[in-house]
Amino acid sequence: MVEINKLSKKYNKNEILKNISLSINKGEVTAVVGPNGSGKTTLIKSILGLVKLNSGSVEVDGINIKNNFTYKNNIGYVPQVARYPENLTGNEILSLVKELRTNYEFSSQKIIESFKLSEELNKPFKNLSGGTKQKVSILIALAFNPKIIILDEPTAGLDPVSSSYFKDLILEEKEKKKTIILTSHIMSEIQELADEIIFLLDGEIKFKGTITSLLEESKESKLERAIAQLMLRE
Ligand code: ADP
């Protein structure tokens, strides 16, 4: 579903992503893990077309994203920090996004009920708590039934009940054959959700495979220890 070929990205003279090639499969949850500053967000932004690549290509659903904007209609993105017009309410933001998006199936009721958002959607975005902003951001990303869901540390700031509901939601989306890309520092979350792990270090892929294969390769029983081993190997 997402094919990245020899991607390099520099900020000034710093090479942040170094000749990365990888495939991300449909119907799977792919977790991108790695220490702070390893390039996870830059990789996500490259798929979203939010950064200019220095070399290499990104294809989404068989289409090279360079100079192409329509593919973004198929993506739901939850950024690390949600930024929406602060004075608008959640409901107003949803209406705005409806006007901008094309070809969508809109379904928000279940998420609104489970996250208990109906009152909150009437308040200006700036007045919401951090966790509620995150829930509204998840709602906006998922309500439009996107084929590809990209989540940058989605549960940071969510309480345990909401976090648990969020994980159920992602597993349901996976059942619907969505392509899901997730970054997280929470190993239990990755263990519950991910089919495939990509471990990034200093802009290079140091491991790509299933959790089982990572545990086997590292001879560890816990994911956290296996990842720590990858970090210490360098
Ligand atoms: P991660 O998501 O793994 O924490 P990032 O992709 O955010 O890592 O950042 C990787 C590196 O790129 C960091 O050293 C960061 O400082 C640098 N970087 C990110 N965005 C920019 C930018 N807009 N300009 C300059 N450097 C940046």
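Residues numbered from 1 in each chain as written. Predicted model: local features only at pLDDT ≥ 70, side-chain atom pairs only at ≥ 80, totals over all residues. Heavy atoms only, no water.

A.B. asks: Sorry if this is basic, but what is going on with the pattern of salt bridges here?
C.D. replies: Pairing is possible between side chains of opposite charge, provided their charged atoms come close. Tallying each qualifying case throughout the model produces ten salt bridges. Note that K123 is salt-bridged to E120, the shortest N-O span being 3.3 Å. Linked by salt bridges that have partners in common, E173, K176 and K178 make up one network. (Salt bridge = Lys/Arg side-chain N within 4 Å of Asp/Glu carboxyl O.)

A.B. asks: Looking at this model, I keep getting lost on the packing of helix α7 (residues 211-218) against helix α8 (residues 223-233). Mind explaining?
C.D. replies: Where α7 contacts α8, the two axes come as close as 9 Å, and the packing angle between them is 60°. As α7 packs across α8, the resulting crossing turns out to be left-handed. When α7 is examined against α8, the residues I211, L214, L215, E217 and S218 are found in contact with a partner set consisting of L223, A226, I227, Q229, L230 and R233. Of the residues contributing to the contact of α7 with α8, the split by class is seven nonpolar, two polar and two charged. (Axes fitted to C-alpha atoms, helices over the stretch in contact; angles between N-to-C directions. Helix = DSSP H or I, 4+ residues; strand = E, 2+ residues; numbered from the N terminus. Left-handed = near helix turned anticlockwise from the far one by under 90°. Contact = heavy atoms within 4.5 Å. Nonpolar A, V, L, I, M, F, W, Y, C, P; charged D, E, K, R; others polar.)

A.B. asks: Just to check I follow, could you spell out the packing of aromatic side chains for this structure?
C.D. replies: The geometry of an aromatic ring pair comes down to the distance between the two centres and the angle between the two planes. Using the criterion set out here, one finds four aromatic pairs in the structure. Plain terms: the ring middles of F115 and Y165 are 5.1 Å apart, the flat faces sit at 85° to each other, and that makes the pair edge-to-face. In this pair, F115 sits in the loop between α3 (109-114) and α4 (130-142) while Y165 sits in helix α5 (residues 160-175), placing the two residues 50 residues apart along the sequence. Given the relative accessible area of 12%, Y165 is considered buried. Counting every residue linked through ring pairs, the aromatic cluster contains Y104, F106 and F144. Against the face of F106 rests K98, its NZ or CZ located 4.0 Å from the ring centre. (Phe/Tyr/Trp six-rings, centres within 6.5 Å; stacked < 30°, edge-to-face > 60°. Buried < 20%, exposed > 50% of the residue type's maximum accessible area, 1.4 Å probe, protein only. Lys NZ or Arg CZ within 6 Å of the ring centre and 35° of its normal.)

A.B. asks: Teacher, can you tell me more about the nonpolar core here?
C.D. replies: One broad trend across soluble globular proteins is that nonpolar side chains are buried collectively. Judged by nonpolar contacts, the single largest core of 48 residues is most densely connected at I138, L139, L151, I190, L214 and L223. Looking at which element gives the most residues to this core, the answer is α4, with six residues. Here I190 is in contact with A31, V33, S184, I197, I211 and L223, once residues within four sequence places are set aside. The next biggest cluster of nonpolar side chains, apart from the first, holds 23 residues, and it includes V32, I148, I181 and I198. (Core = buried A, V, L, I, M, F, W, Y, C linked by side-chain atoms within 4.5 Å.)

A.B. asks: What is the right way to look at the site of the ligand in this model?
C.D. replies: Around the ligand sit Y11, I16, P35, N36, G37, S38, G39, K40, T41 and T42, and that is every residue in its neighbourhood. A distance of 2.7 Å separates an oxygen atom of the ligand from a polar backbone atom of G37. Between T42 and the ligand, the recorded distance is 2.5 Å, taken from a side-chain N or O atom to an oxygen atom. In the complex, the protein chains occlude 57% of the 570 Å² of accessible area that the ligand would expose alone. No other element matches the three residues that helix α1 (residues 40-47) contributes to the shell around the ligand. Of the residues contributing to the shell around the ligand, the split by class is three nonpolar, six polar and one charged. (Near = heavy atom within 4 Å. Polar contact = N/O pair within 3.5 Å; in protein donor to acceptor, adjacent residues only side chain to side chain. Areas by Shrake-Rupley, 256 points an atom, 1.4 Å probe, with all protein chains shown as cover.)

A.B. asks: Would you mind showing me how to read the pairing of strand β3 (residues 29-33) here?
C.D. replies: Taken residue by residue, a regular strand's side chains alternate between the two faces of the sheet. The buried fraction of β3 is high, at five of five residues. The alternating pattern of β3 places V29, A31 and V33 on one face and T30 and V32 on the opposite face, and all of these are buried. As paired strands, β3 and strand β8 (residues 179-183) are joined by four bridges and run parallel to one another. Its bridge partner lying in β8, V32 is registered against T183. Pairing geometry for β3 and strand β9 (residues 196-201), over four bridges, is parallel. The partner of V33 across the bridge, within β9, is F199. (Pairing = 2+ DSSP bridges.)

A.B. asks: Would you mind going over the sheet that holds strand β2 (residues 14-24) with me for this structure?
C.D. replies: Where strands meet in a sheet, backbone hydrogen bonds hold them as pairs that are either parallel or antiparallel. Here we have four strands laid out as an open sheet, ordered β2-β1-β4-β5, and antiparallel in their pairing. Looking at which strands have only one partner, the edges of the open sheet turn out to be β2 and β5 (63-64).

Function-wise, these values are silent; they only describe arrangement.
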